[in-house]
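Survey of secondary and tertiary structure
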Amino acid sequence: MKKVYLIGYMGSGKSAIGKRLSFSTRLPFYDMDTEIEKRLGMTIPEIFEKYGEAYFREKETEFLRSFRNENCIIATGGGVAMKRENRELMRSTGLVFYLNAPFRDIWRRISTDRNRPIVQRSTRSELEQLYDERLPHYLKAAHFKVETENRTLRQVTEYLAFQIGRLKGDI
Ligand code: S3P
């Protein structure tokens, strides 16, 4: 095994679960958005505002191409699985878990968030449409689909830790 990638829509719990998983597996945790912010010295909304979304998407791919070669857990941004190159990079360098959550749970978590430019510029129904459009890409990218509905963070984390422990030697 090399990297563990957590993918899924905004607000699906990638960062919260990634941090817990890091604790229980003792693998270091990285949040892709935070790493890109550090590299560029700007926040995500600033990057979108100043350079546009296409530029940000390029930075995501650069991150996947170049990030250190170490066993670790990475919470990806919600748009990462949309590009074929990104899907291939993730699948060939680690284990990919798709965290699935119903849109109504997602909406509850993201609707008031100011740090997500896509949420800022979209209506609820646009976000729901994007959620539907992205689903097949998440499924293509993932080795595992993980249902989070009606499960605690702890239960989801335990499930992931179990799968990682089981597959450690295979990848
Ligand atoms: C995005 C999700 C965000 C961040 C950016 C774009 C997306 O990450 O990368 O705002 O396109 O879904 P989170 O999924 O961590 O919110």
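What comes next concerns the included structure. Note that this is a predicted model, so its numbers are computed, not measured.

1. Things to note about the pairing of strand β1 (residues 3-7)
Counting buried positions along β1 yields five of five residues, so the element is predominantly enclosed. The side-chain alternation of β1 yields two buried faces, one formed by K3, Y5 and I7 and the other by V4 and L6. Pairing between β1 and strand β3 (residues 72-75): four bridges, direction parallel. The residue of β3 that forms the bridge with L6 is A75. The pairing of β1 with strand β4 (residues 94-100) spans five bridges and is parallel. What sits directly across from I7, in β4, is Y98.

2. Comments concerning the site of the ligand
Close to the ligand lie 14 residues, the nearest being K14, D33, R57, R116 and R134. At 2.8 Å, a backbone N or O of G78 approaches an oxygen atom of the ligand. In the environment of the ligand, an oxygen atom lies 3.4 Å from a nitrogen or oxygen atom belonging to the backbone of G79. In isolation the ligand offers 380 Å² of accessible surface; the protein chains occlude 95% of this area. Contributing elements (two or more residues each) for the shell around the ligand: α4 (53-66) and α7 (117-121). Counting residues per element, the shell around the ligand draws most heavily on α4, which supplies three residues. In terms of residue class, the shell around the ligand is built from five nonpolar, three polar and six charged.

Reading the values: rules and limits
- Residues numbered from 1 in each chain as written.
- Predicted model: local features only at pLDDT ≥ 70, side-chain atom pairs only at ≥ 80, totals over all residues.
- Heavy atoms only, no water.
- Buried < 20%, exposed > 50% of the residue type's maximum accessible area, 1.4 Å probe, protein only.
- Helix = DSSP H or I, 4+ residues; strand = E, 2+ residues; numbered from the N terminus.
- Pairing = 2+ DSSP bridges.
- Near = heavy atom within 4 Å.
- Polar contact = N/O pair within 3.5 Å; in protein donor to acceptor, adjacent residues only side chain to side chain.
- Areas by Shrake-Rupley, 256 points an atom, 1.4 Å probe, with all protein chains shown as cover.
- Nonpolar A, V, L, I, M, F, W, Y, C, P; charged D, E, K, R; others polar.

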